[in-house]
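Geometric and topological summary
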Amino acid sequence: MDRPIVACVLAGGIGSRLYPASRGERPKQFLEFGGDRSLLSQTMDRTAFADERFVLTRESFADEIHDHAPEAGLLVEPAGKDTGPALVYAAWRLRKRFDRDPVLVCLPSDHHVGDDAAFAAHLERAAEIAADTGGLVTLGVEPTRPATGYGYIVPDGDADELEGASADYDAVERFTEKPDREEARRLREAGAYWNAGIFAWTPAALLREARDSPLAPLVEALEAGEPERGFDAVDAVSVDYAIMERASDVFVTPLPVDWDDLGTWDAVGRTRSDRDAAATNDRVAGEILSVDAANNVVAAPDRHVSLLEVEDLIVAADDDRILVAPRTSSQRVREVVDRLRERDAF
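This report concerns the structure included in the present document.

Rules and cut-offs
- Residues numbered from 1 in each chain as written.
- Predicted model: local features only at pLDDT ≥ 70, side-chain atom pairs only at ≥ 80, totals over all residues.
- Heavy atoms only, no water.
- Helix = DSSP H or I, 4+ residues; strand = E, 2+ residues; numbered from the N terminus.
- Rg over C-alpha atoms; globule rule 2.2 N^0.38 Å.
- Buried < 20%, exposed > 50% of the residue type's maximum accessible area, 1.4 Å probe, protein only.
- Contact = heavy atoms within 4.5 Å.
- Areas by Shrake-Rupley, 256 points an atom, 1.4 Å probe, with all protein chains shown as cover.
- Lys, Arg positive; Asp, Glu negative; His and termini not counted.
- Charge placed at Lys NZ, Arg CZ, Asp CG, Glu CD.
- Polar contact = N/O pair within 3.5 Å; in protein donor to acceptor, adjacent residues only side chain to side chain.
- Phe/Tyr/Trp six-rings, centres within 6.5 Å; stacked < 30°, edge-to-face > 60°.
- 1 Å grid on protein atoms, 1.4 Å probe; cavity = no way out; pocket = protein on both sides within 12 Å on 5 of 7 lines; lining within 4 Å.
- Points joined across faces, edges and corners; volume = space filled by probe spheres on them.
- Nonpolar A, V, L, I, M, F, W, Y, C, P; charged D, E, K, R; others polar.

1. Some words on the overall build of the protein
Summing up its helical and strand segments, the protein has 11 helices and 16 strands in all. The C-alpha atoms of the protein give a radius of gyration of 20 Å, which matches the 20 Å a tight globule of 346 residues would have. Projected onto its principal axes, the C-alpha coordinates of the protein cover approximately 60 × 45 × 35 Å. Counting every position in the protein, which comprises 346 residues, the buried fraction comes to 55%. Restricting to contacts in the protein with at least 6 residues of sequence separation, those with at least 24 account for 64%. Accessible area of the protein: about 15500 Å², with a carbon and sulfur share of 43%. When the 39 positive and 67 negative side-chain charges of the protein are each reduced to one mean point, those points stand 3 Å apart.

So, in structure tokens, the structure goes:
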């Protein structure tokens, strides 16, 4: 490909569903979760194929980014307003750095990936598709279960009709936000993908689509050299809702690797745990005594947790904070954080 590939790693979120391990001053991308390197550091390894790499974050995290990604450039968004404004801002900033419009590969810093080499190869392919089509490319993961915590991508099934297309990408028919279990089951059977939140596009393509979206005031302000005004003019919104679901030239390419979004304790237990001696619980950190207990996630560093006749629980302890919740309520942990913030106790 005759243009540079630039990796843009998003690391501005807090990860409130992983409370109490993830807190305001200690976001999940800086945590290790059973390994000896942070999630951000591991993500940077997966982007080594790129010609240049940048981390997009908020001002309060900027000083610590270098400890986890010393090889990366730094982009600091004026305000935390979800992935829509953040990625438009990154596209505007990075477009100005290169003589020729690069291809941006944008990905979160908090994913589990089973095969880093295969993952990198598919990201490179997504960049090629973005350059060839001039459109917006999203990577889709084949579902392994009818998950309700992920969005879904429905391909239109007419890949052969795309001019110059190969068999490894398709136009997107529609996006579906987090469905109920029955709808998730139907989508999986129909060949839909999980929306991994990983994208490839040129800055020109994203800014073109953003001009005809709720983020148009931000684009106008950026082009006027006033990013702070632009962030003030828009609401917090995901890039999926603001742009991807409205754009016309959107394509999906498969990401056939072992993948998970480490956004909840359920996911961390599923992918980052050591089974206890009885092979019945997911131990992320700490020690477990299990008596007739099964399928619990325990994340309690430097603690011993005894489980007696309980199933499907989250037990997470960090510093002076403890969370106990049903494992099926992993997505609702952010509601606890919202209540704590109301009390100024987060």
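After that view, the rundown keeps rolling.
2. With respect to the side chain of Thr-43
Following the sequence through the fold, Thr-43 ends up in helix α1 (residues 39-46). For Thr-43, a relative accessible area of 1% puts it in the buried group. Within polar-contact distance, the side chain of Thr-43 engages the backbone oxygen of Ser-109 at 3.2 Å. Setting aside its immediate chain neighbours within four residues, Thr-43 contacts Val-9, Leu-107, Pro-108, Ser-109 and Asp-110.

3. Regarding the packing of aromatic side chains
All told, the structure shown has 10 aromatic pairs when counted by the stated rule. Ring centres of Tyr-19 and Phe-346 lie 6.1 Å apart, and the angle between their planes is 40 degrees; on these two criteria the pair is classed as tilted. One end of the pair, Tyr-19, is in the loop between β1 (5-10) and α1; the other, Phe-346, is in the segment after α11 (333-342), and 327 residues separate them in sequence. Residue classification places Tyr-19 among the buried residues on the basis of a relative accessible area of 5%. According to the relative accessible area criterion, Phe-346 is buried, its value standing at 19%. Where Tyr-169 meets Phe-251, the ring centres are 5.8 Å apart and the plane angle is 85 degrees; that geometry is what we call edge-to-face. Of the two residues, Tyr-169 is situated in the loop between β7 (152-155) and β8 (170-176) and Phe-251 in strand β10 (residues 250-254); the sequence distance between them amounts to 82 residues. In this structure, Tyr-169 and Phe-251 share a single accessibility class: buried. Through a chain of ring-to-ring contacts, the aromatic side chains of Tyr-89, Trp-92 and Phe-231 assemble into a single cluster.

4. Focus on the layout of surface pockets
In this approach, a probe sized like a water molecule rolls over the atoms, and the result shows the empty space that is left. Roughly 1400 Å³ of internal volume is contained in the largest pocket. Looking at the largest pocket, it is lined by 42 residues, and the ones nearest its centre are Arg-17, Asp-82, Thr-83, Asp-110 and Arg-334. Of all the secondary structure elements, the ones that give two or more residues to the lining of the largest pocket are α3 (83-95), β9 (193-201), α9 (239-244), β11 (259-261) and α11. Ranked by the residues each element gives to the lining of the largest pocket, the list is headed by β9, at four residues. Considering only residue class, the lining of the largest pocket consists of 14 nonpolar, 15 polar and 13 charged. When its volume is computed, the second largest pocket comes out at roughly 430 Å³. As for the second largest pocket, its lining consists of 21 residues, of which Thr-148, Gly-149, Arg-181, Asp-266 and Arg-270 are closest to the centre. For the lining of the second largest pocket, the residue count by class is four nonpolar, eight polar and nine charged.

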